[in-house]
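Here is how the chains run, residue by residue.
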Amino acid sequence: MTWLHKVPKVSIAFCAGALLVPVLLSDPAGAGQERAEETATPPAPSAADRLRVDYESGTLDSGVEGLTTTKAAAPDASGVVRPAHEGAYAVQHKVTLGDPAYESNGAPRSESATDLLPSGRFVVGDEQRYEFSVLLKDWKTYTPGASESGDIVFQGKYAGDNVPAFYLMAKRDEIAFRSPHLNRQSTVVEELGRQVNRWMRFRVDARWTTDGTGYLRVAVRLSGEDGYRPVVAYENVRTYQPENPADHGYLKWGLYRPSQSIGNGDVPTRIVQHDDLRVTDLP
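Residues numbered from 1 in each chain as written. Predicted model: local features only at pLDDT ≥ 70, side-chain atom pairs only at ≥ 80, totals over all residues. Heavy atoms only, no water.

Q: What exactly am I supposed to notice about the side chain of glutamate 131 here?
A: If you trace the backbone, glutamate 131 turns up in strand 8 (residues 127-136). Among buried Asp, Glu, Lys and Arg side chains, glutamate 131 stands out as unpaired, with arginine 201 the closest opposite charge at 4.3 Å. Within the structure, glutamate 131 has its side chain in polar contact with the side chain of tyrosine 228 (distance 2.8 Å). Setting aside chain neighbours within four positions, we find glutamate 131 in contact with Arg201, Phe202, Arg203, Tyr228, Asp276, Leu277 and Arg278. (Helix = DSSP H or I, 4+ residues; strand = E, 2+ residues; numbered from the N terminus. Buried < 20%, exposed > 50% of the residue type's maximum accessible area, 1.4 Å probe, protein only. Lys, Arg positive; Asp, Glu negative; His and termini not counted. Salt bridge = Lys/Arg side-chain N within 4 Å of Asp/Glu carboxyl O. Polar contact = N/O pair within 3.5 Å; in protein donor to acceptor, adjacent residues only side chain to side chain. Contact = heavy atoms within 4.5 Å.)

Q: What is the right way to read the environment of tryptophan 139 from this model?
A: By the element assignment, tryptophan 139 lies in the loop between strand 8 and strand 9 (151-158). On the accessibility criterion, tryptophan 139 (8% relative accessible area) is buried. Linking tryptophan 139 and isoleucine 271, residues 132 residues apart in sequence, is a C-alpha distance of 7.2 Å. Filtering out sequence-adjacent residues up to four positions away, tryptophan 139 remains in contact with Asp151, Ala170, Val196, Leu255, Arg270 and Ile271.

Q: When you look at the environment of tyrosine 55 in this model, what are you seeing that I'm missing?
A: On the secondary structure map, tyrosine 55 appears in the loop between strand 2 (49-53) and strand 3 (78-82). Once the C-alpha coordinates of tyrosine 55 and histidine 274 are considered, the two residues, 219 residues apart in sequence, prove to be 9.5 Å apart. Dropping the residues within four chain positions of it, tyrosine 55 is found in contact with Leu60, Ser62, Leu67, Val80, Tyr89, Ala90, Val91, Ser112, Trp253, His274 and Asp275.

Q: Hey, could you run me through the pattern of salt bridges in this one?
A: One pass over the structure, following the stated rule, counts 18 salt bridges. Of the charged contacts, one joins arginine 172 and glutamate 148 as a salt bridge, the two residues approaching to 3.4 Å between their closest N and O atoms. Of this pair, arginine 172 sits in the loop between strand 10 (164-171) and strand 11 (174-179) while glutamate 148 sits in the loop between strand 8 and strand 9, and the two are 24 residues apart along the sequence. For arginine 194, the salt bridge identified is with glutamate 191, shortest N-O distance 3.3 Å. For arginine 194, a relative accessible area of 55% translates into the label exposed. Owing to a relative accessible area of 43%, glutamate 191 belongs among the partly exposed residues under this scheme. Salt bridges sharing partners connect three or more residues here, namely Asp49, Arg52, Asp54, Arg201, Asp276 and Arg278.

Q: Would you explain the packing of aromatic side chains in this entry?
A: The geometry of an aromatic ring pair is captured by two quantities: the separation of the ring centres and the angle between the planes. A complete count under the given rule lists ten aromatic pairs for this structure. Taking 5.8 Å as the distance between ring centres and 50° as the angle between the ring planes, the aromatic pair formed by phenylalanine 177 and tyrosine 234 counts as tilted. Of this pair, phenylalanine 177 sits in strand 11 while tyrosine 234 sits in strand 15 (residues 229-237), and the two are 57 residues apart along the sequence. Across the pair, tyrosine 234 and phenylalanine 177 agree in class, each one buried. In this structure an aromatic cluster arises from ring pairing among Phe122, Tyr130, Phe132, Phe154, Tyr158, Phe166, Phe177, Phe202, Trp208, Tyr234 and Tyr240. Of note, arginine 203 hangs over the ring of tyrosine 228, and the distance from its end group to the ring centre comes to 4.5 Å. (Phe/Tyr/Trp six-rings, centres within 6.5 Å; stacked < 30°, edge-to-face > 60°. Lys NZ or Arg CZ within 6 Å of the ring centre and 35° of its normal.)

Q: Mind showing me how you'd approach unusual backbone geometry here?
A: Across residues other than glycine, the phi torsion is negative in most instances, and most of the peptide bonds are trans. Between arginine 82 and proline 83 the backbone carries a cis peptide bond, its omega angle lying at 5°. The topology assignment puts proline 83 in the loop between strand 3 and strand 4 (90-96). Positioned with a positive phi, asparagine 197 is a non-glycine residue whose angle comes to about 65°. Mapped onto the fold, asparagine 197 is located in the loop between strand 12 (184-190) and strand 13 (200-207). Even without a glycine there, the phi angle at aspartate 276 is positive, about 50°. One can find aspartate 276 in strand 17 (residues 269-281). Assessed through its relative accessible area of 3%, aspartate 276 is described here as buried.

This is how it looks when you write it as structure tokens:
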């Protein structure tokens with residue numbers, strides 16, 4: 001699999017489906033599972049996929065035993081919805097500031113995670129690719145003078161009480177990619193207002209190292225684009241450096257709204273959808 005791997009061109013039917021009103025479905029997964037767009041037929045899983053989460057089971061765990069969902073108590077904090085980016089179903093996460101029902105572990109967030117999945121973890125020496133689709137549902141866009149806090153929609157997280165290795169966030173009028181340990185941040189999608197209610201697809205390649213031979217590379221495919229565009233690369237860097245001991249890292253997706261509040265003027269309610277997440281080992 002190469003850095004400039006192409007994906008199929010978006011079909012007309014696909015684009016139209018992305019604009020349909022989503023329907024939040026009940027989760028038939030049963031006890032212990034909280035409620036974690038129908039268009040083109042999804043592509044068959046690649047033999048190289050280490051993990052695929054496509055929600056075609058119609059459940060929050062996507063039929064993947066061990067995939068965890070939000071601890072937020074609100075019934076609509078997470079759920080499966082349709083239409084989707086690929087196939088019939090996607091996952092939707094919602095957070096309303098100031099409402100404890102939309103808090104998880106004491107913070108305003110609703111996320112799914114791979115911490116309990118060996119296939120969703122990374123360790124020192126791994127070289128992996130993470131692909132996923134994101135839609136900002138009816139997202140209120142930034143206006144000058146508004147709060148500039150970022151809404152995190154995807155993370156590569158060291159286990160335990162550690163900051164993320166990297167994350168993608170909607171901030172001001174952009175999607176930014178940030179690595180806290182490297183203290184580097186780059187814009188990967190500009191003019192975010194034009195992407196509201198449209199599916200965006202991201203690809204993050206990572207080599208996890210404790211020396212200076214690692215990398216983080218990000219590519220983007222927006223609605224209507226034929227393939228991925230490389231947008232940023234942090235080369236020859238130390239990528240695995242948790243502040244506290246961590247024997248592995250994992251992925252989280254959904255909505256995390258750190259340091260935001262109604263008092264700060266942040267948008268009260270945000271909704272994000274994700275679909276077709278893949279983890280692949282790179283050669």
